[in-house]
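# Survey of secondary and tertiary structure
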Amino acid sequence: MSTHPHTFAALLAAGAMLSTPALAEPVKLGMVMSFSGWFQPIDASTVNGAKLAVKEINAAGGILGSQIEIETFDNKSDPSLGAEGALDVIGKGAKAIILPSDFDFGAPGAIVAQQNNVIALSGASDPKFGVKAVGPYAYSISVAGQAQGALLAEWAFQEKGWKSAYVLLDNTISITKSICGGFTQRWKELAGDAAMAGSDTFLNGDPSIAAQVSRINALPAKPDLVVLCSYAPGGPSAIRQLRAAGIDLPVLTGESMDGDYWAGTVPNLSNFYVVNYGSMYGDDPDPAVNEFFKRYQAEYGQRSDASYSLRGYSMVQAWAKAATKAGSFDADKVAAVLDGFKDEALVIGPTTYSSELHIQATRPMTIVQSQNGKFSSVGKFAAKSARLD
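So, here's what we can say about the structure. (Residues numbered from 1 in each chain as written. Predicted model: local features only at pLDDT ≥ 70, side-chain atom pairs only at ≥ 80, totals over all residues. Heavy atoms only, no water.)

Looking only at helices and strands, the protein chain features eleven helices and 14 strands. Taken over C-alpha atoms, the radius of gyration comes to 21 Å for the protein chain, in line with the 21 Å a tight globule of 389 residues would show. Evaluated residue by residue, the protein chain yields a buried proportion of 59% over its 389 residues. Put simply, the protein chain shows about 14,200 Å² of open surface, and 52% of that area lies on carbon and sulfur atoms. (Helix = DSSP H or I, 4+ residues; strand = E, 2+ residues; numbered from the N terminus. Rg over C-alpha atoms; globule rule 2.2 N^0.38 Å. Buried < 20%, exposed > 50% of the residue type's maximum accessible area, 1.4 Å probe, protein only. Areas by Shrake-Rupley, 256 points an atom, 1.4 Å probe, with all protein chains shown as cover.)

Pasting the structure below:
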């Protein structure tokens, strides 16, 4: 195992005196995730990241002397199975549950966890995944979608000098609405209402966005960029149709389009920018991120296809650190420690929670570009102003 300071041997050393004897009973961690169905590619690297964290924690002695055992439940990409899945793993003794990285998918299981005094962890980018709509045991490791949109607006306006934007929203799931909403609000604050060249919507399963493409081409003046809030497969399809229609404008998008597992469907993808949790290409500004992806590749024999693996790892990392400091797996005690996190060092970046807010608003994120089909890091940035309502 790596001796990098972000691995658990170092991270948990400070809590060693709280540890119980090594013969403690195993502690169960539930994973109610999409192990099959259309959402599976989105959840896959989160699952792998979490499993890597569990392996490293166990190799370092476990949590409070207990080895972690994973209990899985496949929600089959059906949000309605989330509650059933949570009951299943709780019935097997789970003290915390990892849930899908979308509010619509994760909330049903999180509500059941809340009712049963179990910590619920997710990469959902909607602030509702937390105290507001679930309860005090629900925590997102992610940056709120609204903050991601605000970050993109600030970067486009302040770093690139672009002055007009067109927003194309895939109006299907929660995160896409949050990203486009956050961008639009911040863009108008920075550039003015007139800097919005227009907006349109589509649904991820739409076979064609020909009408939307025609409306962009019919604009009296070309915008400087298109903000596309979508996810695979509808998002890549939209990019293909934009490019086929001669719209070669910069396309900016949030973490719902993270990863390159879909990039082969858009030949020579260029002028594409995505905000995510870290570059998988060995060039992230944070050395800890590059070290993590090396360990990931060594573990799985292939490079992570999305930065979501950082989320999975960091969910387990946060829970382990909180339980170690609390000296207990009790949800109230663990939550009390989590609520005291202030720029806590996790591999995903500095993480802050409070009793009112269980998601990130100002953590830096990486912007990754693709030019001629080659992905690389642009740099790390943080939103200076983001409203999470």
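Let us keep going from here.
Turning next to the sheet that holds strand β3 (residues 94-99). Strand order in the open sheet made by the five strands is β2-β1-β3-β4-β5, with parallel pairing throughout. Of all strands in the sheet, those bounded by a partner on one side alone are β2 (68-74) and β5 (138-140). In this sheet, adjacent strand axes meet at a mean angle of 25° when their direction is disregarded. Sheet topology note: the β3/strand β4 (residues 119-122) ladder contains four bridges and is parallel. Paired with I97 across the bridge in β4 is A120. Together, β1 (27-33), β2 and β3 form the strand contacts of helix α2 (residues 40-59), whose direction differs from that of β1 by roughly 170°. (Pairing = 2+ DSSP bridges. Axes fitted to C-alpha atoms, helices over the stretch in contact; angles between N-to-C directions. Contact = heavy atoms within 4.5 Å.)

Take the pattern of salt bridges next. Tallied over the entire structure, the rule returns twelve salt bridges. Close ionic contact of K28 with E71 constitutes a salt bridge, the shortest N to O distance being 3.2 Å. In this pair, K28 sits in strand β1 while E71 sits in strand β2, placing the two residues 43 residues apart along the sequence. With relative accessibility at 18%, the residue E71 sits in the buried group. Residue K92 pairs with D88 through a salt bridge whose shortest N-O separation is 3.2 Å. Beyond isolated ion pairs, a larger network of salt bridges with shared partners links E154, R186 and E189. (Salt bridge = Lys/Arg side-chain N within 4 Å of Asp/Glu carboxyl O.)

Judged by nonpolar contacts, the single largest core of 86 residues is most densely connected at W187 and W319. At ten residues, helix α10 (residues 308-326) tops the list of elements feeding residues into this core. L228, A238, M257 and V274 belong to the second-largest nonpolar core, a separate cluster that totals 24 residues. (Core = buried A, V, L, I, M, F, W, Y, C linked by side-chain atoms within 4.5 Å.)

Here we come to the environment of K160. By secondary structure assignment, the location of K160 is in the loop between α5 (145-159) and β6 (165-170). Overall, K160 belongs to the partly exposed group, its relative accessible area being 39%. Those residues in contact with K160, other than ones at most four positions away along the chain, are W155 and Y273.

All right, on to the pairing of β3 then. Counting buried residues along β3, five of its six residues qualify, which places the element largely inside the surrounding structure. Looking at chain direction, β1 and β3 are connected through four bridges and run parallel. Bridge assignment links K28 to a residue of β3, and that residue is A94. Note on the crossover from β3 through helix α4 (residues 103-115) to β4: the handedness is right-handed. (Right-handed = clockwise from strand over helix to strand, strands pointing away.)

Tallied over the full model, the rule gives one disulfide. What pairs with C180 in a disulfide is C229, and their sulfur atoms sit 2.1 Å apart. Judged by the sign of its S-S torsion, about 105°, the cystine formed by C180 and C229 is right-handed. Here C229 lies in strand β8 (residues 225-229) and C180 lies in helix α6 (residues 174-191), a separation of 49 residues in the sequence. By relative accessible area, which is 4% here, C180 ends up buried. On the accessibility criterion, C229 (0% relative accessible area) is buried. (Disulfide = S-S within 2.5 Å.)

Look at α2 against helix α9 (residues 287-300): their axes get within 11 Å of each other, and the N-to-C directions meet at 90°. As judged from the angle between their axes, α2 and α9 are roughly perpendicular. Where α2 approaches α9, its residues S45, N48, G49, K51, L52, K55 and E56 are matched on the opposing element by F292, R295, Y296, E299 and Y300. Its residues placed into classes, the contact of α2 with α9 shows four nonpolar, three polar and five charged. (Parallel < 35°, antiparallel > 145°, perpendicular 65-115°, else oblique. Nonpolar A, V, L, I, M, F, W, Y, C, P; charged D, E, K, R; others polar.)

Turning our eyes to something else, we now look at the sheet that holds strand β14 (residues 374-381). Sheet strands pair via backbone hydrogen bonds, and the direction of the pair is either parallel or antiparallel. Read across the open sheet, the seven strands follow the order β7-β6-β8-β9-β10-β13-β14; overall the sheet is mixed. In this open sheet, the two strands that pair with only one neighbour each are β7 (196-202) and β14. Mean inter-strand twist for the sheet, computed between neighbouring axes without regard to direction, equals 20°. Summarising the sheet, strand β9 (residues 251-253) and strand β10 (residues 272-276) pair through three bridges and their orientation is parallel. Each bridged residue has a counterpart across the sheet, and for L252 the counterpart in β10 is Y273.

It is worth spelling out the packing of aromatic side chains at this point. Any aromatic ring pair is given by two values, namely how distant the centres are and how the planes are angled relative to each other. The full count for this structure, using the stated rule, is 19 aromatic pairs. Ring geometry for Y139 versus Y353: centroids 5.1 Å apart, planes at 70°, classification edge-to-face. Residue Y139 is located in strand β5, and its partner Y353 is located in the loop between β12 (349-351) and β13 (365-371); the two are separated by 214 residues in the primary sequence. The same class applies to Y139 as to Y353, namely buried. An aromatic cluster of at least three residues, connected via ring pairs, comprises F292, F293, Y296, Y300 and Y313. Lying across the ring of F103, K128 places its NZ or CZ 4.7 Å from the centre. Over the ring of F157 we find K163; its NZ or CZ atom is 4.5 Å from the centre of that ring. (Phe/Tyr/Trp six-rings, centres within 6.5 Å; stacked < 30°, edge-to-face > 60°. Lys NZ or Arg CZ within 6 Å of the ring centre and 35° of its normal.)

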